[in-house]
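So you can see what is in the structure, the chains are spelled out below.
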Amino acid sequence: MKIWNRQLGDRVSNIIYQHLPAFRWRNFRLFFGGQLLSMSGTFMTQQLTIPWLVYELTQSAWLLGIAGFVQFLPTLLVIPFSGVLSDRWSRRDLLMLVQILGISVSLTLTILTFTNWITFPILLVLSVLNGFLKGLDMPVRHTIVTETVDDRADWSNA
């Protein structure tokens, strides 16, 4: 039994590559898929879980705002230096290190929440760590795209 019609698959691929030419490059497709998963997890941790827990623990909108500020301050401070790091070190290694550390922060948050050891100060520390990692991640993630797409004409699409 034939599951996939080869001609249909080729037509779909051609349509995708016509509108999104960066997807012609295998490395970009792998990077895009990995980043799709990674950024989904990061979004859940930084934008949903931590603010929700802060509000559940404190019932204070003011402390929720403080937690948001504490999370994004390290990002602003680290971004200029992480651009230099991404130029001097292997972008792939930096990205893998940041992803592993991000998973560690999320795992720590999960364990502390399920064991009921989570407190507001711990959430602030995890927020600072997330902000630091986000500040390292953004420039590296944006510059690594040029390494995954070989044709300079496709960079604007990537």
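Data block above holds the structure.
Residues numbered from 1 in each chain as written. Predicted model: local features only at pLDDT ≥ 70, side-chain atom pairs only at ≥ 80, totals over all residues. Heavy atoms only, no water.

*Asks:* Break down the overall build of the chain for me, citing the residues and quoting the values.
*Replies:* Within the chain one finds 5 helices and 0 strands. Listed by position from the N terminus, the elements making up the chain come as α-α-α-α-α. Radius of gyration (C-alpha) of the chain: 20 Å, far over the 15 Å computed for a compact globule of 158 residues. Seen along its three principal axes, the alpha-carbon backbone of the chain occupies a region of about 60 × 45 × 25 Å. When the 158 residues of the chain are sorted by exposure, 31% land in the buried category. Considering only intrachain contacts with a sequence separation of at least 6, the fraction spanning at least 24 residues in the chain is 79%. (Helix = DSSP H or I, 4+ residues; strand = E, 2+ residues; numbered from the N terminus. Rg over C-alpha atoms; globule rule 2.2 N^0.38 Å. Buried < 20%, exposed > 50% of the residue type's maximum accessible area, 1.4 Å probe, protein only. Contact = heavy atoms within 4.5 Å.)

*Asks:* Give me the packing of aromatic side chains: which residues, what numbers.
*Replies:* What the rule picks out here adds up to 3 aromatic pairs. Look at Phe23 and Phe28: their rings are 5.3 Å apart centre to centre, the planes differ by 75°, and that puts the pair in the edge-to-face class. Aromatic side chains Phe28 and Phe32 sit 6.0 Å apart centroid to centroid with 35° between the ring planes, which places their arrangement in the tilted category. Of this pair, Phe28 and Phe32 are both found in helix H2 (residues 26-58), 4 residues apart, which corresponds to roughly one turn of the helix. Judged by its relative accessible area of 40%, Phe32 is partly exposed. Cluster of aromatic residues (ring-pair linked, three or more members): Phe23, Phe28 and Phe32. (Phe/Tyr/Trp six-rings, centres within 6.5 Å; stacked < 30°, edge-to-face > 60°.)

*Asks:* Give me the lowdown on a nonpolar patch on the surface, citing residues and values where you can.
*Replies:* A cluster of nonpolar residues, Val12, Ile16 and Leu20, forms a patch on the protein surface that exposes about 210 Å² of accessible area. Mapped onto the elements of the fold, Val12 is located in helix H1 (residues 6-19). Owing to a relative accessible area of 34%, Val12 belongs among the partly exposed residues under this scheme. (Patch = residues over 30% accessible without salt bridge, like charges linked within 9 Å, V, L, I, M, F, W, Y side chains within 5 Å. Areas by Shrake-Rupley, 256 points an atom, 1.4 Å probe, with all protein chains shown as cover. Salt bridge = Lys/Arg side-chain N within 4 Å of Asp/Glu carboxyl O.)

*Asks:* Can you break down the layout of surface pockets residue by residue, with the values?
*Replies:* There is about 410 Å³ of room inside the largest pocket. Lining the largest pocket are 20 residues, and of these Ser38, Gly41, Thr42, Gln46 and Gly102 sit closest to its centre. Listed by contribution, the elements that provide at least two residues to the lining of the largest pocket are H2, helix H4 (91-114) and helix H5 (120-148). No other element matches H2, which puts 9 residues into the lining of the largest pocket. Here the residues of the lining of the largest pocket are counted per class, giving 7 nonpolar, 10 polar and 3 charged. Its boundaries defined by the atoms lining it, the second largest pocket holds a volume of some 160 Å³. Lining of the second largest pocket is provided by Phe28, Phe31, Phe32, Gln35, Leu36, Met39, Arg141, His142, Val145 and Ala158. Among the elements of the structure, H2 and H5 are those that each provide at least two residues to the lining of the second largest pocket. (1 Å grid on protein atoms, 1.4 Å probe; cavity = no way out; pocket = protein on both sides within 12 Å on 5 of 7 lines; lining within 4 Å. Points joined across faces, edges and corners; volume = space filled by probe spheres on them. Nonpolar A, V, L, I, M, F, W, Y, C, P; charged D, E, K, R; others polar.)

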